[in-house]
Amino acid sequence: MERPRHQGMAKNTYMRWRLPLVCLLWEVAMIVLFGVFVRFSPEADAHWEEEKRNRNLTSDIENDFYFRYPSFQDVHVMIFVGFGFLMVFLKRYGFGAVGFNFLLAAFGIQWALLMQGWFHSFEKGKILIGVENLINADFCVGSVCIAFGAILGKTSPIQLLVMTLFQVTLFAVNEYILLNLLHVKDAGGSMTIHTFGAYFGLMVTRILYRPNLEQSKDKQGSVYQSDLFAMIGTLYLWMYWPSFNSAISEHGDAQHRAAINTYCSLAACVLTTVAFSSMLQKKGKLDMVHIQNATLAGGVAVGTSAEMMLTPYGSLIVGFICGIVSTVGYVYLTPFLESRLHIQDTCGIHNLHAMPGLIGGIVGAITAAAATEDVYGKEGFIKAFDFTGPYAKRTPSIQGGFQAAGIFVSVLMALAGGALVGAILKLPIWGEPADENCFEDDVYWEVPEDEESDVYHMHNPDKPTSP
Amino acid sequence: MERPRHQGMAKNTYMRWRLPLVCLLWEVAMIVLFGVFVRFSPEADAHWEEEKRNRNLTSDIENDFYFRYPSFQDVHVMIFVGFGFLMVFLKRYGFGAVGFNFLLAAFGIQWALLMQGWFHSFEKGKILIGVENLINADFCVGSVCIAFGAILGKTSPIQLLVMTLFQVTLFAVNEYILLNLLHVKDAGGSMTIHTFGAYFGLMVTRILYRPNLEQSKDKQGSVYQSDLFAMIGTLYLWMYWPSFNSAISEHGDAQHRAAINTYCSLAACVLTTVAFSSMLQKKGKLDMVHIQNATLAGGVAVGTSAEMMLTPYGSLIVGFICGIVSTVGYVYLTPFLESRLHIQDTCGIHNLHAMPGLIGGIVGAITAAAATEDVYGKEGFIKAFDFTGPYAKRTPSIQGGFQAAGIFVSVLMALAGGALVGAILKLPIWGEPADENCFEDDVYWEVPEDEESDVYHMHNPDKPTSP
Amino acid sequence: MERPRHQGMAKNTYMRWRLPLVCLLWEVAMIVLFGVFVRFSPEADAHWEEEKRNRNLTSDIENDFYFRYPSFQDVHVMIFVGFGFLMVFLKRYGFGAVGFNFLLAAFGIQWALLMQGWFHSFEKGKILIGVENLINADFCVGSVCIAFGAILGKTSPIQLLVMTLFQVTLFAVNEYILLNLLHVKDAGGSMTIHTFGAYFGLMVTRILYRPNLEQSKDKQGSVYQSDLFAMIGTLYLWMYWPSFNSAISEHGDAQHRAAINTYCSLAACVLTTVAFSSMLQKKGKLDMVHIQNATLAGGVAVGTSAEMMLTPYGSLIVGFICGIVSTVGYVYLTPFLESRLHIQDTCGIHNLHAMPGLIGGIVGAITAAAATEDVYGKEGFIKAFDFTGPYAKRTPSIQGGFQAAGIFVSVLMALAGGALVGAILKLPIWGEPADENCFEDDVYWEVPEDEESDVYHMHNPDKPTSP
């Protein structure tokens, strides 16, 4: 068997001038925009002592930094190591998975600070940023990492940067519609991050459909070591998801509760994932793809409701269902989507983010609609849903309706945005890989010589080496 | 050399119906029990604003969440990545190590929330859970992960779930006896977690003794990459151990002190581990097994005393001793236990958890017995040992005696419980692997095709491939 | 091609008595010195209740532990996993990279607690340690890990311990000169950690110059898996760097600001690293060496100024520049240093730490010199630069001058110290490896048999195995 490597590269994947140009120009743009717009929030500004006096704070520990920084760091790990390594499962695309994720996320967080800042932290012509902005920027980029999962191995780094630019923009618009116009709660982002990110990515990969992708089918699988690397990603996502869902909740009980609910949902999800992974396989063996992915669906699906009084057993039920839905999705839906709908979803984000995200939105709507003053307490009720000011007269059932509306808006925005961005990415100027070179690091990376020849030997053990 | 793979499977390791059934039924049971019993603690409940008023708290930062959540996340990483990857060292059991650890821990934390909740957080018919309960559940499961280390590679996932069910139950009983009846201090769990978990696991593996285990001896070793993966586990356990030992200590100085003592003990332990690893080997080379394991013994051995006034130099002494004891154990005791006592201890938990756990219990007893009001201060003395209410008249030496009693109770409970559970696991219905298939992922996991054949080639480099 | 393994070992690398002796004697010395000098700080001592009263603190949350412990743990991960795994990139030196880093850091933190304690936390004959001391000890060891990067693969573990002993000592002296005598600000250690550590290591490797190092050139590269392992190191350093630069800043706004500035600088740095990695390569492909290293330069270069009012766009500019400087350094400077100046810098610390460290010192001096009461506020200005007591009359421009002086002192101390220590390490008694055995774990480690033969097969696929 001969590996088609350098021959047949009909496509021009030469990055030498295009990629540097995009990176440098865009980074210069970031500097200019940051220079014009971005300043420190009062809690990060050297005038903090005065701020403390104005707000009658007696201790530095009241600085939002101490409420949120540990969660921020956990979220940060999820974005860079969690998503990055989760996608390392492909045998020959580890550099691309972790490296391109690094690149797009590093660009994305800057652009997200600006986009989200204009919508949410804009005061007197300046965006004032603090630790909560950093978390939100990471969240926003999380939705890009999700979409990346659908097109993993099939795009150039420039395409990924272009997608990031547009997706972050649309994310911020969608988030603004949900949080500010619909006054929807979505602290863990079932709708804004997962549903949006997943349908966006699925639409992009649909537009970028490659009929001849089977030419690189031999590379679209894992090897033993790459599956172990991927488990690093899985476990960090799984362990830190309670931080993800609680990171921007209100101080106090809401953060505390969100962490507990997420912990419970994720635990249940592991059990049903294992059950169905074994059950849906003739030999009854476990499939690493399910363990790596479906075990996380429980975290996605309590993203909206975790900070509400979902209760621990409610969380277990959600996790229970999502482990099943997600695993079944990997077994039956992914092949169906590819063969019938021409959606080539490398990481199966439909199973891990799209369906659990929808479930999360629905669970959130129901939990909100079912809220009572009895369960939340009078103050807790108002605080939990922020029923103040213009929203003082909202009832739980109305809130539930708006929550449901948020799901639809997110899906529509994602599909429309994904179609648009997919069309842009289809332009033949971004240096995408040829069909036979998908899922192959060698296209965009200097791959160590030795290893390449080692792998060569493994596939051709009877041929001598020419070192 | 031919690898015996599918032939000779006299044992029925077919999991398709048994494993799903256990997972689903047990998870349903969890949901029902959580529904009946588990609610949020006042600090995670939406009534928090009222709670704050009742307790005269002026800030949300007083919520226990902010005292313990960072430590909780560190402990969480230790359980899932720490223990999971530490056991990845076997060349062909990486999926089982990290995957089964994931499964049993995810089930175990749910059951532990219930069992520990009934004993410790039961109010008016409900278990009220907060972040401290999550930490304790992780701790409890830690003892199961330890026991898993002894039987690693030799059991089916169902056996592991059964063991988890029983061990968590017995853990909670033992913990109740120690903490509530004997009024023993053991914040880092030298006795409740390590001693109990280790002797439990050693007894289980003794009962499950396999006289013909040498049939899979070729797989009971590491390869270069698997040793590096295992170092990820080692380092996360090592780095986060200060969080482990301080996670449930009293707020303020006790948490602070526990972290410092653990930091010191672990540092010293590395030096003596390296010294003895080199010294006990003819060629004077270092052995990865020792570096991966014995370096952690110092954390185990200050589990009881870290929150006491052990002092930094006391911690160094404990770490110094434990690095030696543990390394010597790996070199001399493990082979002895296997050949003479028929204890097949895959990960050497006797050296990493049993002996250091005993030392930890003893050091705790001595440190408690040596406590004086002079060293602790009048208030600090009472607070450190909780000499209030019915225990107001305890003296340090009496406390030391009770601490020592706690060691014996833990060992006895572990041995009796391990014998019982071992007997249950011996029933021929759980799908355990045959002797020649131990330490082999292929029995319970879909292992990627390519990699298998690669490994095959490596072992048979002169045979051509049939791709 | 035959691998020269055991033959030709003119050098005596037998560690059996030397290494244990050093480890045990030095650890005993630590115990004695800790016994004489080290006690708990008031915040970690059981007298904390009295301390609280004396300082009018109303809550345990005011304990410094809660301000700094999460950052401490992040720094701890950077030192042990970050630096350890970053250096795993070599194909046959993974054990040495992560294992020796573990050893030297575990010893170094103990010695650093003493050395830094004598200079900074010495009261009434005792060193009083708390969480800030642990962070500082980790910082100090960080500079040793940096120096280790220059000599990676070319020294024995004893040499590393000897270097650690001296470097920690000199670090503490240099730090004392900068922080106490020059009253310089350097919370993230651009000067004290990076500049000092890098020039120290470069001088050591210069003195230890090996003219025949090309004999092990085949091992001085990476393989596919080792590059992925190294990315774990990279990402943890990158993600947690905001914690590094903010860990010992003043409570409140300074910690908050330092984290934000570092986050921004690092994000920009990734973009320019990618740009120049692609641009400087004929094929336009990305080089993992750059992604693994140069992306971190932005964190180094805001080490001094991150806690100042550098502003987010200022941080972006610094990161922008450093990604370029560092990548260009890897491509052009490292070969130049080796061929012309005989500086064999295994990890390229000149590009990652030396140049960015200098830039960091300069940026810090400029930022300090440019400070105004307008930007900082009256109180903030004094607090930020600690212009109190004998320094009450310092102006920003004078402070800038002292900052600049700090750079020179650090470089001079590093070069002088490195020359001295290099000379000591050149003594033929430490068991250094022969030229042909550099970058080879087999010299000091028991390497798993199977893997060795596997690798052997890969290089010699046509030779049969003798198992």
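Owing to the predicted nature of the structure, the values given are computational and were not obtained by experimental measurement.

Notes on the pattern of salt bridges
Right, so step 1: In the structure shown here, the tally under the stated rule is 48 salt bridges over all chains.
Right, so step 2: Lys383 of chain C serves as the salt-bridge partner of Glu49 of chain A, at 2.8 Å between the closest nitrogen and oxygen. A residue pair is termed interchain when its members come from two chains, as with Glu49 of chain A in helix α2 (residues 48-54) and Lys383 of chain C in helix α15 (residues 378-385).
Right, so step 3: The class for Glu49 of chain A is buried, based on a relative accessible area of 19%.
Right, so step 4: Residue Lys383 of chain C is classed as partly exposed on the basis of its relative accessible area, which comes to 23%.

Details of the relation of the copies chain B and chain C
Right, so step 1: Overlaying chain B on chain C yields an RMSD of 0.0 Å, the required transformation being a rotation through 120° with an accompanying axial translation of 0.0 Å. Between the two chains, the operation in question is that of a three-fold axis.
Right, so step 2: A low fraction, 14%, of the interface residues of chain B reappear at the interface in chain C, so the copies pair through non-equivalent surfaces.

Let's talk about the packing of aromatic side chains
Right, so step 1: Within this structure, the stated rule accounts for 93 aromatic pairs over all chains.
Right, so step 2: Between the aromatic rings of Trp238 of chain B and Phe102 of chain C, the centroid separation amounts to 5.2 Å while the plane-to-plane angle is 90°, which identifies the pairing as edge-to-face. Here Phe102 of chain C lies in helix α4 (residues 94-120) and Trp238 of chain B lies in helix α8 (residues 224-246), a pairing that spans two chains.
Right, so step 3: Assessed through its relative accessible area of 1%, Trp238 of chain B is described here as buried.
Right, so step 4: When its relative accessible area of 1% is taken as the criterion, Phe102 of chain C is described as buried.
Right, so step 5: Aromatic pair Tyr376 of chain B and Phe381 of chain B: ring centres 6.3 Å apart, planes at 70°, arrangement edge-to-face.

Overview of the relation of the copies chain B and chain A
Right, so step 1: Expressed as a screw transformation, the operator carrying chain B onto chain A has a rotation angle of 120° and an axial translation of 0.0 Å, and the superposed copies differ by an RMSD of 0.0 Å.
Right, so step 2: A share of only 13% of interface residues in chain B that are also interface residues in chain A marks the association as one of differing surfaces.

Side note on the environment of Cys145 of chain B
Right, so step 1: Mapping Cys145 of chain B onto the fold places it in helix α5 (residues 131-151).
Right, so step 2: Other than its neighbours up to four places away in sequence, Cys145 of chain B contacts Ile79, Phe83, Met87, Asn101 and Leu104 of chain B.

Digging into the interface of chain B and chain C
Accessible area lost upon the coming together of the parts is a frequently used measure of interface size.
Right, so step 1: Between chain B and chain C, the contact holds 78 residues from the first and 85 residues from the second.
Right, so step 2: Between chain B and chain C, the buried area comes to about 7000 Å², and carbon and sulfur atoms account for 71% of it.
Right, so step 3: Our count for the contact surface shared by chain B and chain C stands at three salt bridges.
Right, so step 4: Here Glu379 of chain B ties to Arg53 of chain C by a salt bridge, and the two come within 2.9 Å at their closest N and O atoms.
Right, so step 5: Sheet topology note: the strand β4 (residues 286-287) of chain B/strand β4 (residues 445-446) of chain C ladder contains two bridges and is parallel. Of the residues in β4 of chain C, the one forming a bridge with Asp287 of chain B is Glu446 of chain C.

Description of unusual backbone geometry
Residue and element names in this part refer to chain A.
Right, so step 1: Non-glycine residue His183 carries a positive phi angle of around 50°.
Right, so step 2: Along the chain, His183 turns up in the loop between α6 (157-181) and α7 (190-207).
Right, so step 3: Here His183 falls in the buried class, since its relative accessible area comes to 9%.

Concerning the pairing of strand β3 (residues 126-129) of chain C
Residue and element names in this part refer to chain C.
Right, so step 1: Alternating residues of β3 divide into Ile127 and Ile129, all buried, and Lys126 and Leu128, none buried.
Right, so step 2: Pairing between strand β1 (residues 38-40) and β3: three bridges, direction parallel. Bridging from a neighbouring strand, Val38 pairs with Ile127 of β3.
Right, so step 3: Where strand β2 (residues 122-123) meets β3, two bridges bridge the pair, whose relative direction is antiparallel. Following the sheet pairing, Glu123 is matched in β3 by Lys126.
Right, so step 4: Hairpin connection of β2 to β3: two residues between the antiparallel strands, including Lys124 at a positive phi of 50°.

Side note on the sheet that holds strand β1 (residues 38-40) of chain A
Right, so step 1: Taken together, three strands build an open sheet; the order of strands is β1-β3-β2 (chain A) and the sheet is mixed. Across the chains shown, the open sheet's two edge strands, defined by having one partner strand only, are β1 and β2 (122-123) of chain A.

Description of a nonpolar patch on the surface
Residue and element names in this part refer to chain A.
Right, so step 1: A contiguous nonpolar surface patch, about 230 Å² in accessible area, is contributed by Val28, Val32 and Val36.
Right, so step 2: Among the structural elements, Val36 can be located in helix α1 (residues 18-37).
Right, so step 3: Overall, the relative accessible area of 43% leaves Val36 in the partly exposed class.

Concerning helix α3 (residues 64-86) of chain C
Right, so step 1: When the terminal C-alpha atoms of α3 of chain C are compared, their 31 Å separation across 23 residues agrees well with the 33 Å that a helix rising 1.5 Å per residue should span.
Right, so step 2: The sharpest bend along α3 of chain C comes to roughly 35°, located at Met78 of chain C.

The rules behind the values
Residues numbered from 1 in each chain as written. Chains lettered and ligands numbered in written order. Predicted model: local features only at pLDDT ≥ 70, side-chain atom pairs only at ≥ 80, totals over all residues. Heavy atoms only, no water. Salt bridge = Lys/Arg side-chain N within 4 Å of Asp/Glu carboxyl O. Helix = DSSP H or I, 4+ residues; strand = E, 2+ residues; numbered from the N terminus. Buried < 20%, exposed > 50% of the residue type's maximum accessible area, 1.4 Å probe, protein only. Least-squares fit on C-alpha atoms with pLDDT ≥ 70 in both. Contact = heavy atoms within 4.5 Å. Phe/Tyr/Trp six-rings, centres within 6.5 Å; stacked < 30°, edge-to-face > 60°. Buried area = accessible area lost by both parts, 1.4 Å probe. Pairing = 2+ DSSP bridges. Patch = residues over 30% accessible without salt bridge, like charges linked within 9 Å, V, L, I, M, F, W, Y side chains within 5 Å. Areas by Shrake-Rupley, 256 points an atom, 1.4 Å probe, with all protein chains shown as cover. Expected span 1.5 Å × (residues − 1). Bend = angle between axes of the 7 residues up to and from the residue.

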